[in-house]
Amino acid sequence: MSKKLKNTLFLENEQRVNSLIVKIMWILTPLRLIPTIMKMVGVSPDSDIVATGVNTLILIVLQASVTIYNHRKKQSANTKYFILCIFQFVVLSLSLQSGVEVSLLYLVVPLVTLFYYDLSFTVRISILSYVCMISTLVFRAIHLGTSHYSNMPRIVWIRAYAVGMTIEYTLSTVVILFVARSIQSTMGALDEKEKEAQKAKHEERAKSLNTQFDQQKIITGFANLVETRDTFTGEHIKRTRAYVNLISQRMKDLGIYPDELTAEDQEYITQAASLHDIGKICVPDHILTKAGALTDEEREKMREHSVIGERIIRENLSYLDPKYVDIACKMARHHHERWDGNGYPDGLKGKAIPLCARIMSVADVLDALLSQRSYKMPIALEDALRIMKEASGSQFDPECIKALLECADEIPTLQKIDIPAKKKGEVLEELEVIDEDLGELEALD
């Protein structure tokens, strides 16, 4: 299981608490100077100014080192132990101050461990603090003398104070450990909920990718039906899909119709472009492959492919993503509409024509001009762009033509390439990453 996924909530909290304790230690440093000030005003004649100054300097060096260590080793599990040990040393330096007696101060470090939500860590630090407390008591009795019961033998004084402080410390620690256990249990439950949410998110993402891949296979299969009828149409579908992607992406980059052309919309439009001529599978071969101009009757029959295409998509792909189906139907039905309202099948005008169909119309005509047909030869890109620019505002949406002209230098590279509907390897690779994440999340259960 990766460290990234292991107890995410606890690790993030641990780093925040480490930084907080470092700040607290710097705040406590001036307290070392209180006995010196007391001696200067005559309140505490026993304070040693030189010793206090030296000890304070040592503490500043230690705190500086722990600050640097915390900055460089934020991800290390040992950082909190190093910081708390230095913090304990700060407490000890205050408790060993001549002329000052403390008792509750020894509980500060165990109390601080509550913020780590780690019961075992609190237990270890509580034991360490107790050992330090007794050691300090013995040191004070031997080297600093006692301020109370001066007639009491030293060993008796140590025993009496050790027993009393042990009772106080034990009772206080029991309460601290009880609180630590309660906090750890509560935060652990929150962490489990977070991991469950992550797992559900990854599963949903994997399901979405599988659905997307299956959807793309179906789309590709339908598009290939057209290619089996007419090689020209099959290649036309691949190129127009590439042109649609190029134009729509450039429109998105230029901020054209931002409310209608989000990143999701742009991807759906590109995918749906493969089906814009799906209705041609119902057009008779003698019309579809005719080498020459169509008669009026044949032209009307050919025009039916837009309405037929919409019906094929709606009746056969209704179980796919509803938004994708809606875009594909609009592109199939309306890609022969004109900006001035003289197109077919519905004679829509201007922005009444769906944006996806307006983009498809530009890509469709561009490829028709640039490609060889049984009845015509291709024309140069410069001439094709000039013709389309002249038709801007009459046949085409001016904004779509603007985007087309902006990316004209990229068109030649798309004229002869075979654009796959979807790169299976990319989807499978992403699915493998998700499966790994799911495996790690399951290991947390």
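None of the values given here were measured: they were computed from a predicted structure.

Student: Please provide a residue-by-residue account of the packing of aromatic side chains, values included.
Tutor: What the rule picks out here adds up to 4 aromatic pairs. For the ring pair Tyr-130 and Tyr-169, a centre distance of 5.6 Å and an interplane angle of 45° mean the geometry is tilted. Of this pair, Tyr-130 sits in helix α6 (residues 119-144) while Tyr-169 sits in helix α7 (residues 154-229), and the two are 39 residues apart along the sequence. Residue class for Tyr-130 comes out partly exposed when judged on its relative accessible area of 28%. On the accessibility criterion, Tyr-169 (5% relative accessible area) is buried. With centroids separated by 6.2 Å and ring planes inclined at 55°, the aromatic side chains of Tyr-268 and Tyr-324 adopt a geometry described as tilted. Here Tyr-268, found in helix α9 (residues 263-272), pairs with Tyr-324, found in helix α12 (residues 322-334); they are 56 residues apart in sequence, far enough to count as distant. Each member of the aromatic cluster is reached from another via a ring pair, and the members are Tyr-81, Tyr-116 and Phe-121. One residue, Arg-358, lies across the ring of Tyr-257, its end atom 5.1 Å from the ring centre.

Student: Can you explain the environment of Glu-406? Please cite residues and give values.
Tutor: Among the secondary structure elements, Glu-406 is positioned in helix α15 (residues 398-406). Leaving out residues up to four positions away in the same chain, Glu-406 has contacts with Arg-250 and Leu-254.

Student: Help me get a handle on helix α14 (residues 381-390), residues and values and all.
Tutor: For α14, the complete set of buried residues consists of Leu-381, Ala-384, Leu-385 and Met-388. End-on, the buried residues of α14 take up no more than an arc of 95°, which puts them together on one face. In this structure, α14 carries Glu-382 and Glu-390 as exposed residues pointing more than 90 degrees from its buried face. The inward-facing, buried residues of α14 contact α13 (355-370) and α15.

Student: I'd like a rundown of the side chain of Arg-333, residues and numbers included.
Tutor: Relative to the helices and strands, Arg-333 resides in helix α12. Residue classification places Arg-333 among the buried residues on the basis of a relative accessible area of 19%. At a separation of 2.7 Å, a polar atom in the side chain of Arg-333 contacts the side chain of Glu-310. Here Arg-333 is in contact with Ser-306, Val-307, Glu-310, Tyr-344, Pro-345 and Asp-346, once residues within four sequence places are set aside.

Student: So, the packing of helix α11 (residues 296-316) against α12: which residues are in play, and what are the values?
Tutor: The contact between α11 and α12 brings their axes to 7 Å, and the two run at 165°. Put simply, α11 runs roughly antiparallel to α12. Remark: the crossing between α11 and α12 carries right-handed chirality. For the pair α11 and α12, contact is made by Ser-306, Val-307, Gly-309, Glu-310, Ile-313 and Arg-314 and by Val-325, Ala-328, Cys-329, Ala-332 and Arg-333, respectively. For the contact of α11 with α12, the residue count by class is 6 nonpolar, 2 polar and 3 charged.

The rules behind each value
Residues numbered from 1 in each chain as written. Predicted model: local features only at pLDDT ≥ 70, side-chain atom pairs only at ≥ 80, totals over all residues. Heavy atoms only, no water. Phe/Tyr/Trp six-rings, centres within 6.5 Å; stacked < 30°, edge-to-face > 60°. Helix = DSSP H or I, 4+ residues; strand = E, 2+ residues; numbered from the N terminus. Buried < 20%, exposed > 50% of the residue type's maximum accessible area, 1.4 Å probe, protein only. Lys NZ or Arg CZ within 6 Å of the ring centre and 35° of its normal. Contact = heavy atoms within 4.5 Å. Arc of directions from axis to C-beta. Polar contact = N/O pair within 3.5 Å; in protein donor to acceptor, adjacent residues only side chain to side chain. Axes fitted to C-alpha atoms, helices over the stretch in contact; angles between N-to-C directions. Parallel < 35°, antiparallel > 145°, perpendicular 65-115°, else oblique. Left-handed = near helix turned anticlockwise from the far one by under 90°. Nonpolar A, V, L, I, M, F, W, Y, C, P; charged D, E, K, R; others polar.

By themselves these figures say nothing about function.
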